[in-house]
Amino acid sequence: MDDAIIRCENLVKIYKTQETEVLALQGLELEVARGELMAIIGNSGSGKSTIASLLMRFYDWEKGRILLEGRDLVSLTPEELRRRVILVPQTVSLYSGTIRENLRMAAPSATDGELLEALDQVRLKEWVLSQPAGLDTSVGDAGGKLSGGQRQKIGIARALLCRAEYILFDEATSSVDRDSEQEIWNCIGELAQTRTLLIISHRLSTIRDADVIYVLEKGQVSQRGSHRELMAQPGLYRRLVEEQAQLEQQGEEECCHG
C-alpha cells in the first residue's frame, strides 16, 4: 500500500517474566492509509491491545519497526508522538476537579468556546450547559459523578482538543451502556471524515463500516479486508460474527421472556 502512513513491518513483541516468555506478536505486518478507518479484531490474547501499546511507545518491541509517515517511531520524541497520535483507552482516567480542568489537560490554552465545540462533537455539550456550574461542574473523585459513557466522551473530547491526526480507540466502548455506546460510535463515524482512526473492538457489529479490518490470531494477521469481503470467505472473522449475532439474539429473547 503506497499511501500507508502507519506501517508495522515484521513486528515481534515478547512479554517476559521471571518464569516465562509470551510471544504476543510474531512477524506482524499491518498498514493504515491516510484518512482510513481501520479496525483490528481477534480473540482475547491475540495481540490487539499490544499493537496499540506499541504505537503509543508504552513498550519497546524485540524485532521489526513501526513507521509513521515514513519515519521510524523510535526517532520521534515522546512529546512529538503524543501530538500526532492519541489513545482513547477502555477506561478514561479523570482527575478530581471540574470538566474544564479535565479537558484542559489536553489543551491548556483552549478557550471555553473550543472546549464546548469538542463537547458538542461528542454529544455532551447540552448536558454540560444544563448543569448549574456548566464547565465548572465537578466530575467527582476520579470522575465518580459521571457515567461510564460520559467519562469516555470526555476522553474523546480530549483527543479532539489535542488536534491529533491519528486516534486509537482500544475497546473504548466496552464499559458503557448500549445507548452511550451507540452515541460514541456515531461520533467515531463522524471523526472518520477528518481523522485517521484505528479501532480495536470486540463488538463486531460496530466495525462493519471500517474501510479495512485486520483479524489477528496468535499475534499474526490471519485475514484482512472489508466486512463484506471477510464474510464471503471461511475463517475466524465470519465465525466470530455469526457467534456474536447468535449470542445477541439469545440475549434479546431472554430479555423479552424474562
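Placed above this text is the structure.
Keep in mind it's a predicted model, so treat the numbers as computed, not measured.

Cut-offs and rules
Residues numbered from 1 in each chain as written. Predicted model: local features only at pLDDT ≥ 70, side-chain atom pairs only at ≥ 80, totals over all residues. Heavy atoms only, no water. Helix = DSSP H or I, 4+ residues; strand = E, 2+ residues; numbered from the N terminus. Rg over C-alpha atoms; globule rule 2.2 N^0.38 Å. Buried < 20%, exposed > 50% of the residue type's maximum accessible area, 1.4 Å probe, protein only. Contact = heavy atoms within 4.5 Å. Pairing = 2+ DSSP bridges. Axes fitted to C-alpha atoms, helices over the stretch in contact; angles between N-to-C directions. Lys, Arg positive; Asp, Glu negative; His and termini not counted. Salt bridge = Lys/Arg side-chain N within 4 Å of Asp/Glu carboxyl O. 1 Å grid on protein atoms, 1.4 Å probe; cavity = no way out; pocket = protein on both sides within 12 Å on 5 of 7 lines; lining within 4 Å. Points joined across faces, edges and corners; volume = space filled by probe spheres on them. Nonpolar A, V, L, I, M, F, W, Y, C, P; charged D, E, K, R; others polar. Core = buried A, V, L, I, M, F, W, Y, C linked by side-chain atoms within 4.5 Å.

(A) The overall build of the chain, seen in detail. A tally of regular secondary structure across the chain gives 9 helices and 10 strands. Its C-alpha radius of gyration of 19 Å places the chain within 12% of the 18 Å reference for a compact globule of 258 residues. Taking the principal axes of its C-alpha atoms as reference, the chain extends roughly 55 × 55 × 40 Å. Burial analysis of the chain (258 residues in total) assigns 49% to the buried set. In the chain, 67% of the contacts between residues at least 6 apart in sequence involve partners at least 24 apart.

(B) The environment of Leu-240, seen in detail. In this structure, Leu-240 sits in helix H9 (residues 236–257). With residues up to four places along the chain from it excluded, the contact list for Leu-240 reads Ile-41, Asn-43 and Leu-204.

(C) Expanded view of the sheet that holds strand E5 (residues 71–72). Pairing is antiparallel in the open sheet, where 4 strands are placed in the order E2-E1-E4-E5. Edge positions in the open sheet fall to strand E2 (21–33) and E5, since each of these has one partner strand only. Strands in contact with helix H1 (residues 48–55) are strand E1 (4–16), E2 and strand E4 (63–68); relative to E2, the strand with the most contacts, it is inclined by about 70 degrees.

(D) A look at the side chain of Arg-158. Along the chain, the position of Arg-158 falls in helix H6 (residues 148–161). For the buried Arg-158, no salt bridge exists, and the shortest N-O distance to an oppositely charged side chain is 10 Å, to Glu-101.

(E) Highlighting empty space enclosed by the protein. By the definition in use, this model includes 2 cavities of 30 Å³ or more. Taken as a whole, the largest cavity spans an internal volume of roughly 50 Å³. For the largest cavity, the full set of lining residues is Ile-6, Leu-55, Ile-66, Leu-67, Leu-68, Leu-73, Leu-81, Val-85 and Leu-168. Considered class by class, the residues forming the lining of the largest cavity number 9 nonpolar, no polar and no charged. In this structure, the second largest cavity spans a volume of roughly 40 Å³. If you go around the second largest cavity, the residues you meet are Glu-114, Glu-117, Ala-118, Gln-121, Leu-160, Leu-161 and Arg-163.

(F) Region of interest: the nonpolar core. Judged by nonpolar contacts, the single largest core of 50 residues is most densely connected at Leu-119 and Phe-169. Element by element, the count of residues in this core is highest for H6, at 6 residues. Discounting chain neighbours no more than four positions away, the residues touching Leu-119 are Ile-99, Leu-103, Leu-124, Lys-125, Val-128, Leu-135 and Ala-157. Judged by nonpolar contacts, the second largest core, of 29 residues, contains Cys-8, Leu-54, Leu-68 and Tyr-214.

(G) Expanded view of the sheet that holds strand E8 (residues 196–200). Spatial strand order, E6-E7-E8-E3-E9-E10: 6 strands in an open sheet with mixed pairing. At either end of the open sheet lies a strand with only one pairing partner, and these are strand E6 (85–88) and strand E10 (220–225). With strand direction ignored, the average angle separating the axes of adjacent strands in the sheet is 20 degrees. Of the pairings in the sheet, the one linking strand E7 (residues 166–170) to E8 comprises 5 bridges and is parallel in character.

(H) Quick look at the pattern of salt bridges. Per the stated rule, a full pass over the model turns up 13 salt bridges. Residues Glu-31 and Arg-7 are paired through a salt bridge, measuring 2.3 Å at the closest nitrogen-oxygen approach. Residue Glu-31 is found in strand E2, and its partner Arg-7 is found in strand E1; the two are separated by 24 residues along the sequence. Salt-bridge contacts for Arg-104 lead to Asp-112; the nearest nitrogen and oxygen are separated by 3.6 Å.

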